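Residues per chain, in single letters:
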Amino acid sequence: QKVNNPIQKGMLFLKQNISSKAEAFELLARQAKSLDLVNDEKLFMKALYEREEEAPTSIGFKIAIPHGKCDAVTKPGLAAMVIKDGVDFDSLDDEPVNLLFLIAAPNTEDNIHLDVLSKLSMLLMDENFVEKLKNASSVDEFLEIVDAADEEKPDLNDQLAAQTETEGSVCRIIAVTSCPTGIAHTYMAAEGLEKAAKSHNCSIKVETRGSGGAKNVLTDEEIANADCVIVAADAKVPMDRFDGKKLIEVPVSDYVSCIFYSYRYIDIS
């Protein structure tokens, strides 16, 4: 699935003079209502704020991916906004957010929007991609940047499933990433851990546990052969299978921390 398929041009806002998270939410909710993506903007706003209360949807590096799933949403939608001076988003790194993607999800069992989010989350780990988005001069250019990056990058679950042990790897790592809503942090942590391991010549396999279920599930053999287990999760993860293994646990909501810990382990081992 293309990342940009759910994005309507009317839901893209570039170089916005926004002064707060509330103002950004109000603008996007109002526009979603005008485009018939939601039938009740107040109810949708309520869903957005409830999600923010669970955990900040800022993901670091001046990026946030707020999302609301509720009965007010009539069909999945993805909005984007580039904010000139940035706004406070209770970010874990205390940086103002100037690139925002907002997800509107119907309150159904169909979680097709998660496929889009998993790919988008992975793309946002690329600094060059993010800078291109922030500097896009038009909506069409913004969409073209997303589409070009989408074509070049494989699906995350396919990428993780294709992982094999690196020749001469200094250690074998297995990991699990999971967040309460199964949206961005699950996939960004997986991508970040993979990059960290690769840069240190370590093999890694990452199991993701999102709203769409567990993907790339670790086998008993892989667990037995692992030198280290990293669990980056804010949701319940089956842990008994890792008894006796060297284990690092970090909150997935601070995916920067899980990358840091993967480096830390490699450096001291």
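Look a little higher up for the structure.
The structure contained in this document is the topic of the report that follows. (Residues numbered from 1 in each chain as written. Predicted model: local features only at pLDDT ≥ 70, side-chain atom pairs only at ≥ 80, totals over all residues. Heavy atoms only, no water.)

Structural notes on the packing of helix α4 (residues 127–134) against helix α5 (residues 139–152)
Heads up, the condition is: Only C-alpha atoms enter the line fits that serve as axes; for helices the fit covers just the stretch in contact. Angles between N-to-C directions range over 0 to 180 degrees. Numbering of helices and strands runs from the N terminus, with a helix taken as a DSSP run of H or I at least four residues long and a strand as a DSSP run of E at least two residues long. When describing relative orientation, an angle under 35 degrees is termed roughly parallel and one over 145 degrees roughly antiparallel, while 65 to 115 degrees is termed roughly perpendicular and anything else oblique. Working rule for handedness: look at the near helix, and if it is turned counterclockwise from the far one by less than a right angle, call the crossing left-handed; if clockwise, right-handed. A contact between two residues is defined here by any heavy atoms of the two lying within 4.5 Å. In this classification, Asp, Glu, Lys and Arg are treated as charged, Ala, Val, Leu, Ile, Met, Phe, Trp, Tyr, Cys and Pro as nonpolar, and every other residue, Gly included, as polar.
As a packed pair, α4 and α5 sit with axes 9 Å apart at the nearest point and diverge in direction by 165 degrees. Here α4 lies roughly antiparallel to α5, going by the angle between them. In this structure, the crossing between α4 and α5 has a hand that is left-handed. Of α5, the residues touching α4 (which contributes F129, K132 and L133) are F142, I145, V146 and A149. Its residues placed into classes, the contact of α4 with α5 shows six nonpolar, no polar and one charged.

Here we look at the sheet that holds strand β7 (residues 172–178)
Strand pairing within a sheet occurs via backbone hydrogen bonds; the two strands may be parallel or antiparallel. The condition that has to hold: DSSP bridges decide pairing: two strands pair if at least two such bridges lie between them.
Taken together, the five strands give an open sheet; going across it, the order is β9-β8-β7-β10-β11, and neighbouring strands pair in mixed fashion. In this open sheet, the two strands that pair with only one neighbour each are β9 (213–215) and β11 (247–250). Strand-to-strand, the axes of this sheet are offset by a mean angle of 15 degrees, without reference to chain direction. Of the pairings in the sheet, the one linking β7 to strand β10 (residues 228–233) comprises six bridges and is parallel in character. Paired with T177 across the two strands is A232, which belongs to β10.

Here's the deal with unusual backbone geometry
The criterion, for reference: Buried, partly exposed and exposed residues are distinguished by accessible area as a fraction of the type maximum, computed with a 1.4 Å probe on protein chains only: under 20%, between the cut-offs, and over 50%, respectively.
The phi dihedral of D36 falls on the positive side, at around 65 degrees, and the residue is not glycine. Among the secondary structure elements, D36 is positioned in the loop between α1 (21–34) and α2 (41–54). Look at D36 and you get exposed, because its relative accessible area is 56%.

A word on the packing of α1 against α2
Contact geometry for α1 and α2: axes closest at 9 Å, N-to-C directions at 140 degrees. Comparing their axes, α2 and α1 come out oblique. Pair α1 / α2 crosses with right-handed handedness. Touching K21, A22, F25, E26, A29, R30 and K33 of α1 are E41, F44, M45, L48, Y49 and E52, all from α2. Here the residues of the contact of α1 with α2 sort into seven nonpolar, no polar and six charged.

As for α2
Condition: For a helix, the expected span equals 1.5 Å multiplied by the residue count minus one. Note: the arc covers the axis-to-C-beta directions of the helix.
With 14 residues, α2 extends 20 Å between its outermost C-alpha atoms, agreeing within 8% with the 20 Å of an ideal straight helix rising 1.5 Å per residue. Along α2, the residues classified as buried are F44, M45, A47, L48, R51 and E52. Each buried residue of α2 sits inside an arc of 155 degrees when the element is viewed along its axis, so together they form one side. When the buried face of α2 is taken as reference, the exposed residues oriented beyond 90 degrees from it are K42, E53 and E54.

Side note on the packing of aromatic side chains
To keep things clear, this is the line we draw: Stacked, edge-to-face and tilted are the three classes for Phe, Tyr and Trp ring pairs, Trp counted by its six-membered ring, which pair at centre distances within 6.5 Å; planes under 30 degrees apart are stacked, over 60 edge-to-face, the rest tilted. A ring has a charge above it when a Lys NZ or an Arg CZ is no more than 6 Å from the ring centre and no more than 35 degrees off the ring normal.
Under the criterion given, the structure shown has three aromatic pairs. Relative to Y49, the ring of F25 lies with its centre 5.3 Å away and its plane at 70 degrees, an arrangement referred to as edge-to-face. Taken together, the residues span a long stretch of sequence, with F25 in helix α1 and Y49 in helix α2 at a distance of 24 residues. Joined through ring pairs, the aromatic side chains of F25, Y49 and F89 make up one cluster. Its guanidinium or amino end placed over the ring of F89, K21 lies 4.7 Å from that ring's centre, counting from NZ or CZ.

Overview of the pairing of strand β6 (residues 97–106)
β6 sits mainly inside the fold: 10 of its 10 residues count as buried. Of the strand pairs in this sheet, strand β3 (residues 63–64) and β6 are connected by two bridges, and their pairing is parallel. Its bridge partner being in β6, I63 is matched across the sheet by L99. Pairing geometry for strand β4 (residues 67–70) and β6, over four bridges, is parallel. The residue of β6 that forms the bridge with K69 is A105. As defined by bridge partners, strand β5 (residues 77–87) adjoins β6 across seven bridges and the pair is classed as antiparallel. The residue of β6 that forms the bridge with A80 is F101.

Considering the side chain of T177
Quick reminder of the rule: Two N or O atoms form a polar contact when they lie within 3.5 Å of each other; inside protein one atom must be a possible hydrogen donor and the other a possible acceptor, and for residues adjacent in sequence the pair counts only when both atoms belong to side chains.
Within the secondary structure, T177 is located in strand β7. Among the residues examined, T177 registers a relative accessible area of 0% and is labelled buried. Within the local environment of T177, its side chain forms a polar contact with the backbone oxygen of T186, the two atoms lying 2.7 Å apart. Sequence-distant contacts of T177, defined by excluding residues within four places in its chain, comprise T186, A189, A190, L193, V206, E207, T208, R209 and A232.

Here we look at the nonpolar core
Let me state the cut-off plainly: Here, the term nonpolar core denotes a set of buried Ala, Val, Leu, Ile, Met, Phe, Trp, Tyr and Cys residues that are joined through side-chain atoms within 4.5 Å.
I18, L28, F44, M81, F89, L100 and L102 are the most contacted members of the largest nonpolar core, which has 28 residues in total. If you list the elements that add at least two residues to this core, you get β1 (7–16), α1, α2, β5 and β6. Tallying contributions element by element places α1 first for this core, with six residues. Ignoring any residue separated from it by four or fewer positions in sequence, one finds M81 in contact with F13, Q16, I18, A24, L27, L28, N98, L99 and L100. Membership of the second largest hydrophobic core comes to 27 residues, among which are I59, V130, A149 and M188.

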